[in-house]
Amino acid sequence: MPELPEVETVRRGLMRLVGGATIDHVDVIYEKMVSPAPAEFKKRLAGATIDLIERRGKYLLFRFSNGYTMVSHLRMEGKYDVQPEGAPLTKHTHVVFHLTDNRELRYTDTRKFGRMNLVEDGDEMQVAGLKTIGPEPTETTLTFDYMKRIFNKSKKVIKPFLLDQSNIAGLGNIYVDEVLWMTRIHPEQPVNTLTDFQIRLLRDNILKELAKAIDGHGTTVHSFSTAFGEAGQFQNQLNVYGREGEPCVRCGAELQKTKVAQRGTHFCPRCQKLKKKPSKTVVLGLTGGIATGKSSVSAVFHDRDIPVIDADQIAREVVEPDSPALSEIAATFGQTMLQPDGTLNRRKLGQHVFNDEDELAKLNAITSPAIHKAVKKRVAAYRRKRTPLVVFDAPTLFEGDYAYDVDVIMVVALDTATQLARLMARDKMSETDARSRINSQLPLAEKVNVADIVVDNSGPIDKTKAQVVKWLNKMQLV
DNA sequence: CTCTATGCCTGGGAGC
DNA sequence: TGCTCCCAGGCATAGA
């Protein structure tokens, strides 16, 4: 199923292999595949040189020296490959372009869905499909203003809306599921209910995902006889597509598969909730690894008077004297866990649960729901006030199961060597101790993988802060 | 005009 | 094992 990145890879491969080649004659085996009818199609192409191969959306445009352009769409399973003249035909080869250099450019398509349309230069945009095609998904051609305009005026649900090539060119079933998961949008969310921030994040994710996929495929076409269809394998990792029943890599919930507008649709029922009216408040989950420098990033928000909800502070607040959680701790672990003044004896409790998984789990079962509840309450208050941006600063954003409930995740990261050196210097630790501390956490790479924004803190602090500010500006959050 | 359902095709997997 | 049925999905088009 070639989508834009695969078609682009085919274009690049073909350009290298047959760019400049001249067609001697053409065999059309499956007549319905070409237009105009085979006799005229063949006549127009005899002696034509392939000057250039361009792409628009998922359409390939072969520019010939004699004033014709061939619009070719691979649909589901179309493939081009180049063989030496006379090599045996395969079962599903439908068109063969015999080149003057003893090679053949072949079009193969098991399901015969692909089409080739040969028209005069300048008429290519009149071909069905290209006539109504939407903007290319690039930084300059797919603008936020355009997206906002088309999203606001439609009541359609987002999945079929994004599949419609007249809205945005190039997205297919796989990438739509991926970008919706990345942006945490339910596939049946009506497009006119999205907030500006969601549209911005979606735009960013479309551009990012397609660029990543093109990069990933760029190196796959090598040899003379490589079937370009092989470049259509999706080497870049997919987070939801085809993963129904597996845990969501962001929140751990079981991924589901349903049908939306007759299309198989994959999504995370926990991260991608259908919302009556998406909230205008953006909750940014901020996390990192030990000694990655999260607090200096947090300071950027403090300095700008952006509210920061501190998970560690809330963890302390929920066990203050007279709190239900503290009473439960006393009831479970004994009154000796309290100081004479009624406050929690943290040291003693810490020693008690240290290295005892069962006891630690008991403690978490008491504190975790209380912390979650308190966080939700704080967030709800900011939503009511329509505060545009709230930061939830949580070292255990993933481990503590908060990731499903934030709108966007920022991970502060650095390379392992720098992280190790900083931890050793900061906490006066031996290398062995520092290593084991780092290894006891969820690997930073896994956090980075599901982050919306990764802030690289391996350089000077000014550079780190500049990255945060740049992103905030880009997303119009400040 | 918009919106939805269906046809185009074949191979492969599930179920019997 | 072999048979039937259904699903995969981009896009055009027919119909509401």
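Numbers given for residues are sequential positions, taken from 1 along each chain in its written order. Throughout, the order in which chains and ligands are written sets their labels, letters from A for the former and numbers from 1 for the latter. Given that this is a predicted model, residues contribute local features only at a pLDDT of at least 70 and side-chain atom pairs are listed and counted only at 80 or more, while totals for whole chains, interfaces and linings are drawn from all residues. Note: side-chain values were computed over all heavy atoms of the structure, leaving out hydrogens and water.

In the annotation of an unreviewed UniProt entry, chain A is listed under the name Multifunctional fusion protein and assigned to Secundilactobacillus collinoides DSM 20515 = JCM 1123. UniProt positions are given in the numbering used here, feature names are shortened, and annotations may be inferred rather than shown by experiment. A UniProt comment under Pathway (unreviewed entry) is attached to chain A, and it reads "Cofactor biosynthesis; coenzyme A biosynthesis; CoA from (R)-pantothenate: step 5/5." The record in UniProt for chain A states the following under Subcellular location (unreviewed entry): "Cytoplasm".

Examining the sheet that holds strand E15 (residues 408–413)
Two strands qualify as a pair provided that DSSP identifies no fewer than 2 bridges between them. Secondary structure counts use DSSP, requiring at least four H or I residues in a row for a helix and at least two E residues in a row for a strand, with both numbered from the N terminus. If you trace the 5 strands from one edge of the open sheet to the other, you get E13-E14-E12-E15-E16, paired in parallel fashion. Whereas interior strands pair on both sides, the edge strands pair on one side only; in this sheet they are strand E13 (308–310) and strand E16 (453–456). Adjacent strand axes in the sheet meet at a mean angle of 25° when their direction is disregarded. By the bridge criterion, 4 bridges tie E15 to E16 in an arrangement that is parallel. Angles shown run from 0 to 180 degrees and are taken between the N-to-C directions of axes, each axis being a line fitted to C-alpha atoms and, for helices, limited to the stretch in contact.

Overview of the sheet that holds strand E6 (residues 79–84)
Read from one edge of the open sheet, 4 strands run E1-E7-E8-E6, paired in antiparallel fashion. Lying at the two open borders of the sheet, with one neighbouring strand each, are strand E1 (23–28) and E6. Sheet twist, expressed as the average angle between the axes of neighbouring strands with direction ignored, equals 20°. Judged from the 6 bridges that link them, E6 and strand E8 (residues 103–108) form a sheet pairing that is antiparallel. Looking at the pairing, Lys79 lines up with Thr108 of E8.

Some words on the UniProt feature "binding site: DNA" (unreviewed entry) in chain A
According to UniProt, the feature "binding site: DNA" (unreviewed entry) maps to His92 and Arg111 in the numbering used here. For this annotated set, covering 20 residues, all C-alpha atoms fall within 8.2 Å of each other, a compact arrangement in space. Any two residues whose heavy atoms approach within 4.5 Å are treated as being in contact. When near neighbours in sequence (up to four residues on either side) are disregarded, His92 contacts Tyr107, Thr108, Asp109 and Thr110. Relative to the assigned elements, Arg111 resides in the loop between E8 and strand E9 (115–120). The classification of residues rests on relative accessible area computed with a 1.4 Å probe and restricted to protein chains. Under 20% of the type maximum is buried, over 50% is exposed, and intermediate values are partly exposed. The exposure class assigned to Arg111 is partly exposed, which follows from its relative accessible area of 42%. Not counting chain neighbours up to four residues away, the residues in contact with Arg111 comprise Met76 and Glu77.

As for the environment of Ala365
The topology assignment puts Ala365 in helix H11 (residues 357–384). A relative accessible area of 53% places Ala365 in the exposed class. As a C-alpha pair, Ala365 and Lys58 span 307 residues in sequence and 51 Å in three-dimensional space.

Considering the pattern of salt bridges
Should a side-chain nitrogen of Lys or Arg be within 4 Å of a carboxyl oxygen of Asp or Glu, the pair is scored as a salt bridge. Counted by the stated rule, this structure contains 27 salt bridges. The partner of Glu136 in a salt bridge is Arg55, with the nearest N and O atoms 3.0 Å apart. Here Glu136 is found in the loop between E9 and helix H3 (144–152), whereas its partner Arg55 is found in strand E3 (residues 50–56), with 81 residues between them in sequence. For Asp196, the salt bridge goes to Lys148, with nearest N and O atoms at 2.8 Å. Of the two residues, Asp196 is situated in helix H6 (residues 196–217) and Lys148 in helix H3; the sequence distance between them amounts to 48 residues. By sharing partners, the salt bridges in this structure join Glu8, Arg11, Arg12, Arg55, Arg56 and Glu136 into a single network.

Overview of the protein's contact with DNA strand C
One heavy atom suffices: a residue is near a molecule or strand as soon as one of its heavy atoms comes within 4 Å of it. Around DNA strand C sit 18 residues, and of these His73, Met76, Arg111, Phe113 and Tyr241 come closest. Near the protein, meaning within 4 Å, the atoms of DNA strand C are sugar or phosphate in a fraction of 53%, with bases accounting for the rest. Throughout this description, a polar contact denotes any pair of N or O atoms lying within 3.5 Å of each other; where both atoms belong to protein, one of them has to be capable of donating a hydrogen while the other can accept it, and for residues adjacent in sequence the pair is counted only when both atoms sit in side chains. Measuring from a phosphate oxygen of DNA strand C, one finds a backbone N or O atom of Ala128 at 3.0 Å. Interatomic distance of 3.0 Å between a side-chain N/O atom of Lys257 and a phosphate oxygen of DNA strand C. Of all elements in the fold, only strand E10 (256–260) and strand E11 (263–267) reach the threshold of two or more residues within the surface near DNA strand C. Charged residues are taken to be Asp, Glu, Lys and Arg, nonpolar residues to be Ala, Val, Leu, Ile, Met, Phe, Trp, Tyr, Cys and Pro, and polar residues to be all remaining types, Gly included. Broken down by class, the residue content of the surface near DNA strand C amounts to 6 nonpolar, 6 polar and 6 charged.

A word on the environment of Val468
Summarising the element assignment, Val468 is placed in helix H15 (residues 461–474). Between the C-alpha atoms of Val468 and Leu397, which are 71 residues apart in sequence, the distance is 18 Å. Once residues within four sequence positions are removed from consideration, Val468 is found in contact with Val297, Val300, Phe301, Met410 and Val455.

Some words on a positive patch on the surface
Within the patch definition used here, like charges are joined within 9 Å and nonpolar side chains (Val, Leu, Ile, Met, Phe, Trp, Tyr) within 5 Å, considering only residues with over 30% relative accessible area and no salt bridge. The protein chains shown are the only cover counted for residues, whose accessible areas, like all others here, come from Shrake-Rupley with a 1.4 Å probe. Counting rule applied: Lys, Arg positive; Asp, Glu negative; His and chain ends not counted. We put the charge of a Lys on NZ, of an Arg on CZ, of an Asp on CG and of a Glu on CD. On the surface, a cluster of positive charge is made up of Lys32, Arg75, Lys112 and Arg115. Relative to the assigned elements, Lys112 resides in the loop between E8 and E9.

What about unusual backbone geometry?
Following Ser35, the chain continues to Pro36 via a peptide bond in cis, the omega torsion being -5°. Turning to its location among the elements, Pro36 is positioned in the loop between strand E2 (34–35) and helix H2 (38–45). We note that Ala291 has phi near 60°; this positive angle belongs to a residue other than glycine. By the secondary structure assignment, Ala291 is in the loop between strand E12 (282–288) and helix H7 (294–303). Non-glycine residue Asp305 carries a positive phi angle of around 60°. The residue Asp305 is located in the loop between H7 and E13 in this model. Judged by its relative accessible area of 72%, Asp305 is exposed.

Notes on the protein's contact with DNA strand B
With respect to spatial proximity, the complete set of residues near DNA strand B consists of Tyr30, Lys32, Lys91, His92, Thr110, Arg111, Lys112, Phe113 and Gln262. By atom count, sugar and phosphate contribute 57% of the portion of DNA strand B lying within 4 Å of the protein. Within the contact set of DNA strand B, a phosphate oxygen lies 2.5 Å away from a side-chain nitrogen or oxygen of Lys32. Arg111 is positioned with one of its side-chain polar atoms (N or O) 2.6 Å from a base oxygen of DNA strand B. Of the residues belonging to the surface near DNA strand B, the class tally is 2 nonpolar, 3 polar and 4 charged.

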